[in-house]
Amino acid sequence: MTPEDPEETQPLLEPPGGSAPRGRRVFLAAFAATLGPLSFGFALGYSSPAIPSLQRAAPPAPRLNDEAASWFGAVVTLGAAAGGVLGGWLVDRAGRKLSLLLCSVPFVTGFAVITAAQDVWMLLGGRLLTGLACGVASLVAPVYISEIAYPAVRGLLGSCVQLMVVIGILLAYLAGWVLEWRWLAVLGCVPPSLMLLLMCFMPETPRFLLTQHRRQEAMAALQFLWGSEQGWEEPPIGAEQGFHLTLLWQPGIYKPFVIGISLMAFQQLSGVNAIMFYAQTIFEEAKFKDSSLASIIVGIIQVLFTAVAALIMDRAGRRLLLALSGVIMVFSMSAFGAYFKLTQGSPSNSSHVALSASVSTEPVDASVGLAWLAVGSMCLFIAGGPQALRSLLARLCLLHLQCPFHLVLCP
């Protein structure tokens, strides 16, 4: 779940009188945890610059054909699906901190396997491992941050999770501009390795420790994170009720459940993941000379509008932003489809169209004058992406604390 609502993640320890803690180590702990979403974003964006590099690779390096390239981009989602289930099991049994430590292992191992790959199967295996880690990190990191943050900074730290995902995607695009696929995979090992190192010095969340009846350790963690444990009281914790299938007959359960599942399905079917996985390949097919630069522009737009959405979400409302994003995405994808239709008969050499081509110039090739239509439509698609989706689904879950789905979403 996302960590933005005080009702959703009300701490088990509260200061009497409402005095706000001012501990700074909570920011260090949150940074350590958000390295997981950063690694998640890097793994998602890795395939975009890596696929063209692998398709041009000379023996004895592995080389991807069109079918293998499709699997290389998509197999990460299979691992993420398994990782979401595994993360849901780990987070309540192993704890939040240990779950984050464990998810760094398949991140590093997966990128290491890709780095040492001698054939296509090793490449796919590495991508599958990084996908597994993505699923765990996308679920555990928001939980950890929500449970260590005090109310005054909970919304700020919670919004950093999605922002770090898109920054990770942009980092992969930027690094892929100058690095070939092996060195790019080596770079992918750095964020999870740093997370592994930093999380070793961070405490478990006080909430989890209290649920395990380890009150002294919870107070020590609180002292480390918030700066003080004096005067803090532990409110009575009501008995937690497990979820039963019979609860699905209640309107307060099945309505948010159906809405949430539908929103997640439509978000995935919108094609946003395909854009992230194959951005550079898409622009090469669109006959761009600077396909890497076009991908970077798309990544920058995604980071900027994710930050903007986090700032205006509480004022504009989730429902309005979702409706507006749907309209923008329909328009932008229609424009991009029109671009491909108009350039269908032109030569397929990507060197024919430069990103800097002016719309007002007289093009020799029909696609030259439309270069900015392709980039602009993709930027609009990313800008109109459902950035409010996570937050809206979190509010739906609040309608009943036992709502039976987790928010494990790609950007």
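Residues numbered from 1 in each chain as written. Predicted model: local features only at pLDDT ≥ 70, side-chain atom pairs only at ≥ 80, totals over all residues. Heavy atoms only, no water.

(A) View of the overall build of the protein. Along the backbone of the protein there are 16 helices and 0 strands. Relative to its 411 residues, the protein shows a buried fraction of 51%. Taking the contacts inside the protein whose residues are at least 6 apart along the sequence as the reference set, 81% of them involve residues at least 24 apart. (Helix = DSSP H or I, 4+ residues; strand = E, 2+ residues; numbered from the N terminus. Buried < 20%, exposed > 50% of the residue type's maximum accessible area, 1.4 Å probe, protein only. Contact = heavy atoms within 4.5 Å.)

(B) Broad picture of the packing of aromatic side chains. Taken as a whole and assessed by the stated rule, the structure comprises 3 aromatic pairs. Ring plane angle 70° and centroid distance 5.8 Å describe the contact between Phe42 and Phe111, whose orientation is recorded as edge-to-face. One end of the pair, Phe42, is in helix α1 (residues 25–55); the other, Phe111, is in helix α3 (residues 96–115), with 69 residues separating them in the sequence. When its relative accessible area of 1% is taken as the criterion, Phe42 is described as buried. Relative to Phe111, the ring of Tyr46 has its centre 5.8 Å away and its plane inclined at 75°; by these criteria the two rings are edge-to-face. Of this pair, Tyr46 sits in helix α1 while Phe111 sits in helix α3, placing them 65 residues apart in sequence. (Phe/Tyr/Trp six-rings, centres within 6.5 Å; stacked < 30°, edge-to-face > 60°.)

(C) The nonpolar core, seen in detail. Tyr46, Phe72 and Phe111 are the most contacted members of the largest nonpolar core, which totals 90 residues. When residues of this core are assigned to their parent elements, the largest contribution, 15 residues, is made by α1. If near-sequence neighbours (up to four positions away) are discounted, Tyr46 is found in contact with Phe72, Phe111, Ile114, Arg127, Ala172, Trp181, Leu184 and Ala185. (Core = buried A, V, L, I, M, F, W, Y, C linked by side-chain atoms within 4.5 Å.)

(D) Highlighting the packing of α1 against helix α7 (residues 190–199). It is at 9 Å that the axes of α1 and α7 come closest, and there the two elements cross at 160°. The angle between α1 and α7 places the two elements in the roughly antiparallel class. The two elements α1 and α7 meet at a crossing, and its hand is left-handed. When α1 is examined against α7, the residues Phe31, Ala32, Ala33, Leu35, Gly36, Leu38 and Ser39 are found in contact with a partner set consisting of Pro191, Pro192, Leu194, Met195, Leu198 and Met199. Considering only residue class, the contact of α1 with α7 consists of 11 nonpolar, 2 polar and no charged. (Axes fitted to C-alpha atoms, helices over the stretch in contact; angles between N-to-C directions. Parallel < 35°, antiparallel > 145°, perpendicular 65-115°, else oblique. Left-handed = near helix turned anticlockwise from the far one by under 90°. Nonpolar A, V, L, I, M, F, W, Y, C, P; charged D, E, K, R; others polar.)

(E) Layout of helix α5 (residues 151–176). Taking 1.5 Å of rise per residue, 26 residues should cover 38 Å, and α5 covers 39 Å from first to last C-alpha, within 8% of that figure. At Val161, α5 shows its maximal bend, which comes to roughly 30°. (Expected span 1.5 Å × (residues − 1). Bend = angle between axes of the 7 residues up to and from the residue.)

(F) Main features of unusual backbone geometry. A cis amide bond, omega 10°, links Pro59 with the succeeding residue Pro60. Relative to the assigned elements, Pro60 resides in the loop between α1 and α2 (66–93). The phi dihedral of His213 falls on the positive side, at around 60°, and the residue is not glycine. Within the secondary structure, His213 sits in the loop between α8 (206–211) and α9 (215–226).

(G) Layout of a nonpolar patch on the surface. Among the surface-exposed residues, Ile300, Leu304, Phe305, Val308, Leu311 and Ile312 lie close enough to one another that they form a single nonpolar patch of about 540 Å² accessible area. Structurally, Phe305 can be placed in helix α13 (residues 291–316). Under the relative-accessibility criterion, Phe305 is labelled partly exposed at 37%. (Patch = residues over 30% accessible without salt bridge, like charges linked within 9 Å, V, L, I, M, F, W, Y side chains within 5 Å. Areas by Shrake-Rupley, 256 points an atom, 1.4 Å probe, with all protein chains shown as cover. Salt bridge = Lys/Arg side-chain N within 4 Å of Asp/Glu carboxyl O.)

(H) Looking closely at the pattern of salt bridges. The full count for this structure, using the stated rule, is 3 salt bridges. Salt-bridge contacts for Asp92 lead to Arg96; the nearest nitrogen and oxygen are separated by 3.5 Å. On the accessibility criterion, Asp92 (47% relative accessible area) is partly exposed. A salt bridge links Arg96 to Glu147, with the nearest nitrogen and oxygen atoms 2.8 Å apart. Highlighted residues: Arg96 in helix α3 and Glu147 in helix α4 (residues 120–148), separated in sequence by 51 residues. Neither residue differs from the other here; Arg96 and Glu147 are each classed as buried. One continuous salt-bridge network, built from bridges that share partners, spans Asp92, Arg96 and Glu147.

(I) Molecular detail of the confidence of the model for the protein. Mean pLDDT for the protein: 76, with 72% of residues reaching 70 or above. When the elements of the protein are averaged for pLDDT, helix α16 (residues 389–398) gives the smallest value, 46, and α7 the largest, 96. In this model residues 1–18 is a low-confidence stretch, pLDDT under 50, and it forms 52 contacts with partners more than four residues away in sequence or in other chains. Scored below 50 in pLDDT, residues 348–367 shows 43 contacts in the model against residues more than four places distant or in partner chains. (pLDDT = per-residue confidence, 0-100.)

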